[in-house]
Amino acid sequence: MGILVALAPFIMVLGIVWVSLHYKHLNKTAGTITEDQSVELTQMSKIADILDRRVSVLEKILDDEVPDWREK
């Protein structure tokens, strides 16, 4: 029993250090993205650019054919 009482402070210090390092690691990796996610974001960005150009073309067509379509 005496050994447990003597080891308790050391075990508590090790536990506190382990928990703090664990959460520090979690916070560090929380803001990073994987390579697969980066590739997917690049593809989605390209698709968004294509859709943006298509919407611009459609708006130009509407402006030519129905000049007051934005007001309706």
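Above this text you will find the structure in question.
Presented here is a report on the structure given in the accompanying data block. (Residues numbered from 1 in each chain as written. Predicted model: local features only at pLDDT ≥ 70, side-chain atom pairs only at ≥ 80, totals over all residues. Heavy atoms only, no water.)

What follows concerns the overall build of the chain. Secondary structure assignment for the chain yields 2 helices and 0 strands. In terms of overall size, the chain is more extended than a compact globule, its C-alpha atoms giving a radius of gyration of 29 Å where 72 residues would be expected to give roughly 11 Å. Across its three principal axes, the chain shows a C-alpha extent of roughly 90 × 30 × 15 Å. Per-residue burial for the chain yields a buried fraction of 0% across its 72 residues. Summed over its atoms, the accessible surface of the chain is roughly 7,000 Å², and 66% of this surface lies on carbon and sulfur atoms. Here the chain holds 8 positive side-chain charges and 11 negative ones, and the gap between their average locations is 9 Å. (Helix = DSSP H or I, 4+ residues; strand = E, 2+ residues; numbered from the N terminus. Rg over C-alpha atoms; globule rule 2.2 N^0.38 Å. Buried < 20%, exposed > 50% of the residue type's maximum accessible area, 1.4 Å probe, protein only. Areas by Shrake-Rupley, 256 points an atom, 1.4 Å probe, with all protein chains shown as cover. Lys, Arg positive; Asp, Glu negative; His and termini not counted. Charge placed at Lys NZ, Arg CZ, Asp CG, Glu CD.)

Taken together, the side chains of I3, L7, F10 and I11 define a hydrophobic patch exposed on the protein surface, amounting to about 450 Å² of accessible area. Mapped onto the secondary structure, I11 falls in helix α1 (residues 2-30). (Patch = residues over 30% accessible without salt bridge, like charges linked within 9 Å, V, L, I, M, F, W, Y side chains within 5 Å. Salt bridge = Lys/Arg side-chain N within 4 Å of Asp/Glu carboxyl O.)

For the rest of this paragraph, the subject is the pattern of salt bridges. Applying the stated rule across the entire model yields 2 salt bridges. The shortest N-O distance in the salt bridge between R70 and E59 comes to 3.9 Å. Of this pair, R70 sits in the segment after α2 (35-65) while E59 is found in helix α2, placing the two residues 11 residues apart along the sequence. On the basis of relative accessibility, which here comes to 29%, the residue E59 falls in the partly exposed class. A salt bridge links D63 to R70, with the shortest nitrogen-to-oxygen separation between them at 3.3 Å. When salt bridges that share partners are traced, they join E59, D63 and R70 into one network.

Further remarks concern α1. The end-to-end C-alpha distance of α1, which contains 29 residues, comes to 42 Å, matching closely the 42 Å that a straight helix rising 1.5 Å per residue would cover. At A8, α1 is deflected by roughly 35°, the largest bend along its length, and proline P9 occurs up to four residues later in sequence. With 0 of 29 residues buried, α1 lies mostly on the surface of the structure. (Expected span 1.5 Å × (residues − 1). Bend = angle between axes of the 7 residues up to and from the residue.)

On their own, these measurements won't tell you what the molecule is for.
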